[in-house]
Amino acid sequence: MRYFLLPISWIYVSIVSIRNLFFDFQIFHSKNIDNGIGVGNLSMGGTGKSPLSVYIAELILRNQGEPALLSRGYGRKTRGFIEVNEDSLSQCVGDEPLMFKQRFKEKVGVYVCENRTLGSKNIRGNSPKSTIIFDDVFQHRKIKPSLSILTTPYGDPFYTDHILPVGRLREPRISAHRTDCIVVTKCPETLSDEDYIKVKNKLSKFSKPIFFSHIEYSGMLPITKAIQSVKNILLVTGISDPSHLIEHLEDKYEIQSISFPDHHAFTKKDIEKIHEKFGIFDPKESIILTTEKDKVRLSKFNGLMSKNGASWYYQPMSIRVHDEAQFESLIKKHVRKV
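Cut-offs applied
- Residues numbered from 1 in each chain as written.
- Predicted model: local features only at pLDDT ≥ 70, side-chain atom pairs only at ≥ 80, totals over all residues.
- Heavy atoms only, no water.
- Helix = DSSP H or I, 4+ residues; strand = E, 2+ residues; numbered from the N terminus.
- Axes fitted to C-alpha atoms, helices over the stretch in contact; angles between N-to-C directions.
- Parallel < 35°, antiparallel > 145°, perpendicular 65-115°, else oblique.
- Left-handed = near helix turned anticlockwise from the far one by under 90°.
- Contact = heavy atoms within 4.5 Å.
- Nonpolar A, V, L, I, M, F, W, Y, C, P; charged D, E, K, R; others polar.
- Patch = residues over 30% accessible without salt bridge, like charges linked within 9 Å, V, L, I, M, F, W, Y side chains within 5 Å.
- Areas by Shrake-Rupley, 256 points an atom, 1.4 Å probe, with all protein chains shown as cover.
- Salt bridge = Lys/Arg side-chain N within 4 Å of Asp/Glu carboxyl O.
- Lys, Arg positive; Asp, Glu negative; His and termini not counted.
- Charge placed at Lys NZ, Arg CZ, Asp CG, Glu CD.
- Pairing = 2+ DSSP bridges.
- Buried < 20%, exposed > 50% of the residue type's maximum accessible area, 1.4 Å probe, protein only.

Q: Describe unusual backbone geometry, listing the residues and the values that go with them.
A: Residue Pro165 follows Leu164 across a cis peptide bond; omega there is -5 degrees. Despite not being glycine, Ser207 has its phi angle at roughly 55 degrees, a positive value. Within the secondary structure, Ser207 sits in the loop between α6 (193-203) and β8 (210-217). The backbone of His263 shows a phi angle near 65 degrees, a positive value even though the residue is not glycine. Structurally, the position occupied by His263 is in the loop between β11 (254-259) and α8 (268-278).

Put into structure tokens, the structure is as follows:
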């Protein structure tokens, strides 16, 4: 089947390459965004962009800066520039921007706008000294942040992938030359020297600083009623790849899971299906667990979730960059206030 899709890939890569050349030769113009950090990727699906954006916002806050997060707001049913509030609806602003806001509260301004030029202009109008973090912006070439960061997952790096529709790449691999650094995400917490060198050698041809990061999970937090002891978990996810979370949980708990597509819009029927499956568990030491991103899409069913009597929890996560001091130094080199 892959061979039959090759002609479509050739057409697609030709269009993308011509568009990029027009920007490279300034036939199409990019607007320079000073004090801006762009986080993006080459491939479709979850590559760890959003957790890295959260990490950068926390880094800026630690250094007395003023971070502002700007996202397209994937999956929202609205258009235009919107400031996200803690009580915004995910269908109006997108699940990840709402997750950002509920995590940071008043500490960080969070905004959505499909037009990143307009979005950054409006943010700077309200907060001239802010450091704007652009989430998923690598293909949005109408703007040029002062620092561009490309993410790629350890288990599925872009250099082994192919252009759509044969593979999942939105751009050819050579586009990685446009970035200022590459962050390899979702690494094992203890990465062997052999594996480290292998990945670094593959990426070295792009002549960019290379960093590695891994996921860290903190304690599970209750959404409905809390219980004292947990032995069994029904894991409910609507993310691109829950395997890393499942692997983390399997060390301590008995796990069953229900997986929905990424950014899934949960329905009342879904909740009833989840509660029906949870009915086979012993409720005394069992919980329904979801991700922090899924929690914001499930929030409209909090009443139904509480009424059933099941204990719903969510799993916060963060990342840790292995060479944190060098990564922070790179950001300070490109951004005036971090």
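On we go.
Q: Provide a residue-level description of the packing of helix α2 (residues 49-62) against helix α4 (residues 95-104), including the pertinent values.
A: At a minimum axis separation of 11 Å, α2 and α4 run at an interaxial angle of 30 degrees. The orientation of α2 with respect to α4, classified from their angle, is roughly parallel. Relative to α4, α2 is oriented so that their crossing is right-handed. Across the interface between the two elements, Ser50, Ser53, Val54, Ala57, Glu58 and Leu61 of α2 pack against Glu96, Phe100, Arg103 and Phe104 of α4. Looking at the contact of α2 with α4 residue by residue, the class counts come to 5 nonpolar, 2 polar and 3 charged.

Q: Outline a positive patch on the surface, listing residues and values.
A: On the surface, Arg173, Lys198, Lys202 and Lys205 cluster together into a positively charged patch. Along the chain, the position of Lys205 falls in the loop between α6 and β8.

Q: Tell me about the packing of α2 against helix α11 (residues 324-334), residues and numbers included.
A: Packing of α2 against α11 brings their axes to within 12 Å, and their N-to-C directions diverge by 80 degrees. Judged by the angle between their axes, α2 and α11 are roughly perpendicular. Residues Leu52, Tyr55, Ile56, Leu59 and Arg62 of α2 touch α11, and the partners they reach there are Glu324, Phe327, Glu328 and Ile331.

Q: Explain the pairing of β11 residue by residue, including any values.
A: Examined bridge by bridge, strand β10 (residues 232-237) and β11 share 6 bridges and lie parallel to one another. For Asn232, the partnering residue across the bridge sits in β11 and is Glu254.

Q: Provide a residue-level description of the environment of Gly36, including the pertinent values.
A: Its location among the elements puts Gly36 in strand β1 (residues 31-41). Classification of Gly36 by relative accessible area gives buried; the value is 0%. Considered as a pair, Gly36 and Phe138 are 102 residues apart in the sequence and their alpha carbons are 13 Å apart. For Gly36, the contacting residues outside a window of four places in its chain are Arg124, Ile132, Phe134, Pro145, Ser146 and Leu147.

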